[in-house]
Each structure stands twice: as structure tokens, then as C-alpha cells.
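Residues per chain, in single letters:
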Amino acid sequence: MITPKAIAGYAANLYTPDTEGKYADGKYKLQVRFPKGSDEVEEFVKKLMDMHDAADFGPNTPVKDGDALESDNIKTIEFGRGHYMMTFKSKRLPTFVDSQKQKLVEKVEAGDHVKLAFNMVPYDAFGGGFALYLNAVQLIEKGGDRGVDEFGTEDGYVSTNKVAPEKLPTSDPVDANF
């Protein structure tokens, strides 16, 4: 299956497996957000949920409604508002391509716009459900605004180092534990 265009979220374990911490599972992972409202996204989510229900995969679904998140972390709640959120995982490093299906040289980072190729796999643990196994990542667009468009201009310090915006260092905006 192929996702509609999504916004990459937490991507720290996209190129190296998650091997540290309490919930480490040795898998490559990418968390993504799908903006609600478009016909393509709504149809995709409905299709996943219909497949889940028809296969009786159990009570757990990887589709999280960002508007229904409960968290002690206000950043996590704000990050999810207006989106469906999903985490895709793999035991092996996924394939990375650009918008023209050429091998990707740059790394996918939080805020990038991507499409994902994946499989749905049922599991029995924790009451049952299905996992989204990541096969490939297609980078559609680098960056997005990463929040910079929300700033106005201010009087004050002006950098003398004129670095092109696409060369500025980036970081994941939120370790949204969804």
C-alpha cells in the first residue's frame, strides 16, 4: 500500500534501529502526520480502518486521531491537532527515493513531506491489532516551514552569516509519543 502525502514527524530511528531505552524494539521507525480534511487522507484512513475491522485485528489500531490525544505534554497535543498520526516500522532499513523514484542522497527529517510504501501485519500481543511495516520512503518535498513562517520580523540581532535556509540545521520538533 502507498500512503497519501504526509508530514514526517519524529525520525530519529529512521536510519538506525531503536536499540536504547525502555521501549526499544530494534526497528527502524518513522512517525508521520496526515492533515485531516482532504478527500485522499480521509479515504486512506477509512480504508485502513475498514480493513482493520473486516479482519478482526483486535482493539489496537495504529491510526491515532490527533484531536483525541490525551497527554501530559501540551506540545504533543498541539503537534497532533488537526491530524491523523501513525508510526511505521521495519526490521530492515527502508528504501529511500526522491519524487522521481531516484535513489535519495539527502536524509528525510522531521517536517519533510513524504509518501510511504508499507504492509499491514496483524499481531496478537497486547490484545491484538495491526502494525504498519515500512518498506520505502519517497521524499516529495524538503522541510516545509518548520514553524519559521509563524515568526514576524523583529528589531534586533541580524546574522552576518548568510546561510541558505535549506542549509540550516534542523531538529525534530516534538518527540510526540504517539
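Structure's up top.
So, here is what we can say about the structure in this document. Keep in mind that this is a model prediction, so the values were computed, not measured.

The rules behind these values
Residues numbered from 1 in each chain as written. Predicted model: local features only at pLDDT ≥ 70, side-chain atom pairs only at ≥ 80, totals over all residues. Heavy atoms only, no water. Helix = DSSP H or I, 4+ residues; strand = E, 2+ residues; numbered from the N terminus. Buried < 20%, exposed > 50% of the residue type's maximum accessible area, 1.4 Å probe, protein only. Contact = heavy atoms within 4.5 Å. Salt bridge = Lys/Arg side-chain N within 4 Å of Asp/Glu carboxyl O. Phe/Tyr/Trp six-rings, centres within 6.5 Å; stacked < 30°, edge-to-face > 60°. Lys NZ or Arg CZ within 6 Å of the ring centre and 35° of its normal.

## Section: the overall build of the chain
And step 1. Within the chain one finds 2 helices and 7 strands.
And step 2. The linear arrangement of helices and strands in the chain, starting from the amino end, is β-β-α-β-α-β-β-β-β.
And step 3. Each of the 178 residues in the chain was classed as buried or not, and the buried ones make up 37%.
And step 4. Of the contacts formed within the chain by residues at least 6 apart in sequence, a portion of 69% connects residues at least 24 apart.

## Concerning the pattern of salt bridges
And step 1. Taken as a whole and judged by the stated rule, the model has 8 salt bridges.
And step 2. The residue D18 makes a salt bridge to K29 at a minimum N-O spacing of 2.7 Å. Note that D18 is positioned in the loop between strand 1 (6–8) and strand 2 (28–35) and K29 in strand 2, a separation of 11 residues in sequence. Of the two residues examined, D18 and K29, each falls in the buried class.
And step 3. Across the salt bridge formed by K142 and D112, the nearest N and O atoms sit 3.0 Å from each other. Separated by 30 residues along the polypeptide, K142 in the segment after strand 7 (129–141) and D112 in the loop between strand 5 (95–97) and strand 6 (113–123) bring together distant segments of the chain.
And step 4. Overlapping salt bridges bring together D18, D25, K29 and K89 as one network.

## Observations concerning the packing of aromatic side chains
Both the distance between ring centres and the angle between the ring planes are used here to describe each pair of aromatic rings.
And step 1. Across all of its chains, the model carries 4 aromatic pairs by this definition.
And step 2. For the ring pair Y15 and F96, a centre distance of 4.6 Å and an interplane angle of 20° mean the geometry is stacked. Remark: F96 occurs in strand 5 and Y15 occurs in the loop between strand 1 and strand 2; sequence separation between them is 81 residues.
And step 3. With relative accessibility at 24%, the residue Y15 sits in the partly exposed group.
And step 4. Feature note: the residues F34, F44, F88 and F118 constitute an aromatic cluster, connected by ring pairs.
And step 5. Between the NZ or CZ atom of K36 and the centre of the ring of Y84, over which it lies, the distance is 5.0 Å.
And step 6. The positively charged end of K107 is found above the aromatic ring belonging to Y15, 4.9 Å away from the centroid.

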